[in-house]
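Structural overview
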Amino acid sequence: MFRKSLFYAFLLALAVVLIYNPYFKTIAAGVAILLFGMIMLEEGFRVFTKGPLQNLLKKATDKLYKSIGVGALVTALIQSSSLVSVITISFISAGLISLSGGLGLIFGANIGTTATAWLVAGFGLKIKISALAMPMLVFGIIFSFEKKTSLKGIGNVLAGLGFFFLGVHYMKEGFDVFKEYIDLTQYAVPGFLGVIIYTGVGILITTILQSSSATLALILTALAAGQIDYENALALAIGANVGTTITAVLGSLSSNVAGKRLAGAHLIFNVVTGLVALAFIYPLANLVNILSDAFGISSSDYTLKLALFHTIFYIIG
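As a starting point, this report considers the structure included with it. (Residues numbered from 1 in each chain as written. Predicted model: local features only at pLDDT ≥ 70, side-chain atom pairs only at ≥ 80, totals over all residues. Heavy atoms only, no water.)

**Topic: the overall build of the chain**
Across its full length, the chain holds 16 helices and 0 strands. Of all 317 residues assigned to the chain, the portion counted as buried reaches 48%. (Helix = DSSP H or I, 4+ residues; strand = E, 2+ residues; numbered from the N terminus. Buried < 20%, exposed > 50% of the residue type's maximum accessible area, 1.4 Å probe, protein only.)

Here it is, written out as structure tokens:
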């Protein structure tokens, strides 16, 4: 009931903003295109879940290090920790894998989802990404008309990547135009109070979008355009980490006790990781600065530093 009320309130607020603030339209369109791309990616990879992917996930859960590694690899490839979480819950409910093996996949999925941050920060914001998106969309749509299931799946994956890159492009364009008229940095809250507030905002955005990857792409594009402060961006990333557990919790509602236990463990893991990151946010930020110097990342390249921070606190978790 609360989720439905929140959804309707969000739709109403979005309609009002789009009517009275035309500069926000490009950003909203970018988010919508990116989310559609992620849906197509999930649909494309879902074709293969009953074949090679299912066998891979089942075989990878006999050892913890293997399940974490495979969870990270699969999530990095399919760009959806939510899909991996839901599949894992269904496998546990069916008795195909153990709870400990499922936990390893979930922990690995959390690490794998950091690939989105590196993809957007290191690639999507540095070149004209729309030039890559168009060929992917063309070939993806052509393949999606094929009758063979595997070719249709490949088509959806290509089209999904194309829409993902196109969404990042429009979000970046939107924030570049937006900053000429409104400076969101005037709403920045310094100090630890700002960290708490923006963590809550990150949780709220991810709960609405149902995707921490989409939230992170939004944070990175806003940061690249100078619309949010680096410190507040770190807090938003922590909030996105906590908010992403909502999908797994909702996916477990129809599962058995084992599936609900895994969703509960996922929630505990992300909340504890988020609390640790919050408590040590300033030491972690200093660690990011040290590692950035070691890796040759510019001190002013805050998008790559945010991606590095995102990876560090997931690995700590």
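**Some details on a nonpolar patch on the surface**
On the surface, a nonpolar cluster with roughly 460 Å² of combined accessible area is contributed by Ile268, Val272, Val276, Phe280 and Ile316. No other element matches helix 14 (residues 257-279), which puts 3 residues into the nonpolar patch. Structurally, the position occupied by Ile316 is in helix 16 (residues 302-316). (Patch = residues over 30% accessible without salt bridge, like charges linked within 9 Å, V, L, I, M, F, W, Y side chains within 5 Å. Areas by Shrake-Rupley, 256 points an atom, 1.4 Å probe, with all protein chains shown as cover. Salt bridge = Lys/Arg side-chain N within 4 Å of Asp/Glu carboxyl O.)

**Overview of the nonpolar core**
Within the largest apolar cluster, 50 residues are counted, with the highest numbers of intra-cluster contacts made by Leu34, Leu306 and Phe309. Beyond its immediate stretch of four places on either side in the chain, Leu34 contacts Phe163, Phe164, Gly167, Val168, Met171, Ala214 and Ala217. Counting residues in hydrophobic clusters, the runner-up holds 9 residues, among them Ile89, Phe91, Ile97 and Leu262. (Core = buried A, V, L, I, M, F, W, Y, C linked by side-chain atoms within 4.5 Å. Contact = heavy atoms within 4.5 Å.)

**With respect to the environment of Ala279**
Topologically, Ala279 is positioned in helix 14. Here the alpha-carbon distance between Ala279 and Phe192, two residues 87 residues apart in the chain, equals 9.5 Å.

**Things to note about the side chain of Thr199**
Relative to the elements of secondary structure, Thr199 occurs in helix 10 (residues 191-209). Within the structure, the side chain of Thr199 is placed 3.4 Å from the backbone oxygen of Ala235, a separation counted as a polar contact. Those residues within four positions of Thr199 in sequence are excluded, and the remaining contacts are Ala235, Ile238, Gly239 and Leu278. (Polar contact = N/O pair within 3.5 Å; in protein donor to acceptor, adjacent residues only side chain to side chain.)

**Focus on helix 10**
Compared with an ideal rise of 1.5 Å per residue, which puts 19 residues at 27 Å, helix 10 spans 27 Å between its outermost C-alpha atoms and is within 8% of the ideal. Those residues of helix 10 that sit buried are Gly194, Val195, Tyr198, Thr199, Gly202, Thr206, Thr207 and Leu209. (Expected span 1.5 Å × (residues − 1).)

**Considerations on the environment of Lys172**
Here Lys172 lies in helix 9 (residues 149-178). With 145 residues separating them along the chain, Lys172 and Ile27 place their C-alpha atoms 7.5 Å apart.

**Structural notes on the packing of aromatic side chains**
Across all of its chains, the model carries 5 aromatic pairs by this definition. Aromatic side chains Phe309 and Phe313 sit 5.4 Å apart centroid to centroid with 55° between the ring planes, which places their arrangement in the tilted category. Here Phe309 pairs with Phe313, and both are found in helix 16, just 4 residues apart, close to one helical turn. When the centroid spacing of 5.1 Å and the interplanar angle of 25° are considered together, the rings of Phe313 and Tyr314 count as stacked. Overall, Tyr314 belongs to the buried group, its relative accessible area being 2%. An aromatic cluster is present here, built from Phe309, Phe313 and Tyr314 joined pairwise through their rings. The ring of Tyr230 carries the charged tip of Lys305 above its face, separated from the ring centre by 5.5 Å. (Phe/Tyr/Trp six-rings, centres within 6.5 Å; stacked < 30°, edge-to-face > 60°. Lys NZ or Arg CZ within 6 Å of the ring centre and 35° of its normal.)

**Comments concerning the packing of helix 10 against helix 12 (residues 230-243)**
Where helix 10 meets helix 12, the axes come as close as 6 Å, and the angle between the chain directions of the two elements is 40°. Looking at the two axes, helix 10 sits oblique to helix 12. Where helix 10 crosses over helix 12, the two elements pack in a sense that is right-handed. Facing Gly191, Gly194, Val195, Tyr198, Thr199, Val201, Gly202, Ile203, Thr206 and Thr207 of helix 10, the residues of helix 12 in contact are Glu231, Asn232, Ala235, Leu236, Ile238, Gly239, Ala240, Val242 and Gly243. (Axes fitted to C-alpha atoms, helices over the stretch in contact; angles between N-to-C directions. Parallel < 35°, antiparallel > 145°, perpendicular 65-115°, else oblique. Left-handed = near helix turned anticlockwise from the far one by under 90°.)

**Some words on helix 16**
Helix length check: helix 16, at 15 residues, gives a terminal C-alpha distance of 21 Å against a target of 21 Å (1.5 Å per residue), a fit within 8%. With 12 of 15 residues buried, helix 16 is to be regarded as a mostly interior element. The set of residues buried in helix 16 consists of Thr303, Leu304, Lys305, Leu306, Ala307, Leu308, Phe309, His310, Thr311, Ile312, Phe313 and Tyr314.

No statement about biological role is implied by the geometric values presented.
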